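Each chain, written out:
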Amino acid sequence: ITCYGSVNLEVQSAGFLTLAKRDANGFLTSFYCEGGSVSEGQKHNGCKIDSISLEGLAGGELRSTINWKGLYGQLTSGGITQSPSAAKVLDWYQGDLAGITGVTLLGFTINISHNTDWLPVITTGTVPQRSAKYLVEKQQVVVANLRFLAQENVDLTALDLAEVSSITIIYGTTTITLSGLK
């Protein structure tokens, strides 16, 4: 039995974004998530971010969709008690494109897919015989779509856009940077 899930949210901190970043060895950080009602719940263990999308519009909130996969789920006697966060939603502050001048970033979507997949193991004598032993991270794919406004008298070509070396988006004290772009 495998477990997976997704959530759509307005981002309040960079905390979960670190779970979508690979470490120096190319691996994602494992985590668990838990939910349910007062009388029953479920906990997903050994989870990793499969894909994450971020969307921001100038003057708006940072929104995200996160998809995860886990190694196994377990029933719990009740969901954990949740209380609303007092943290403010991250509002757009500033966006910059390194390597190109004369444009104002108006909005963006960033999609990161880690292409995680379950690596099964078959254990005879158990039910079920096949279970997930590992979550394997395959090739990471990052797609960024930018919406920008060129200043008057600035003529952009596809060659200009190819010179964008990094994207930095600032939400208050939270900074998102994509570098090494091609």
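Analysis parameters
- Residues numbered from 1 in each chain as written.
- Predicted model: local features only at pLDDT ≥ 70, side-chain atom pairs only at ≥ 80, totals over all residues.
- Heavy atoms only, no water.
- Helix = DSSP H or I, 4+ residues; strand = E, 2+ residues; numbered from the N terminus.
- Contact = heavy atoms within 4.5 Å.
- Areas by Shrake-Rupley, 256 points an atom, 1.4 Å probe, with all protein chains shown as cover.
- Phe/Tyr/Trp six-rings, centres within 6.5 Å; stacked < 30°, edge-to-face > 60°.
- Lys NZ or Arg CZ within 6 Å of the ring centre and 35° of its normal.
- Core = buried A, V, L, I, M, F, W, Y, C linked by side-chain atoms within 4.5 Å.
- Buried < 20%, exposed > 50% of the residue type's maximum accessible area, 1.4 Å probe, protein only.
- Pairing = 2+ DSSP bridges.

Undergrad: Go over the overall build of the protein, please, and point to the residues and values.
TA: If you tally the helices and strands in the protein, you get one helix and 12 strands. Helices and strands in the protein line up, N terminus first, as β-β-β-β-β-β-β-β-β-β-α-β-β. In the protein, the share of contacts with a sequence separation of at least 24, taken over all contacts with a separation of at least 6, comes to 68%. Of the accessible surface of the protein, which amounts to about 11400 Å², a share of 53% is contributed by carbon and sulfur atoms.

Undergrad: Outline the packing of aromatic side chains, supporting the account with residue identities and numerical values.
TA: How two aromatic rings sit relative to each other is given by the distance of their centres and the angle of their planes. This model, assessed by the stated rule, comprises one aromatic pair. Sitting above the plane of the W118 ring, K69 keeps its charged end 4.7 Å from the centroid.

Undergrad: Mind laying out the nonpolar core, listing which residues take part and the relevant values?
TA: Judged by nonpolar contacts, the single largest core of 25 residues is most densely connected at I52, L54, L62, F108 and I169. Mapped by element, the contributors of at least two residues to this core are β2 (31–36), β3 (41–57), β4 (63–70), β7 (103–113), β11 (166–171) and β12 (174–179). Not counting residues within four places of it along the chain, the set of residues in contact with L62 comprises L9, E10, V11, L54, E55, L90, F108, Y171 and I176.

Undergrad: Explain the pairing of β3 residue by residue, including any values.
TA: Sheet analysis places β2 next to β3, joined by five bridges and oriented antiparallel. When the sheet's bridge partners are listed, C33 is paired in β3 with H44. Across five bridges, the pairing between β3 and strand β5 (residues 72–76) is antiparallel. Looking at the pairing, K43 lines up with Q74 of β5. A loop of five residues connects β3 with β4, the two strands running antiparallel in sequence, and G59 in this loop sits at a positive phi of about 85°. Inspection of the sheet shows β3 paired to β7 by seven bridges, in the antiparallel sense. Along β7, the bridge assignment pairs E55 with T109.

Purely geometric stuff here, so don't read any function into it on its own.
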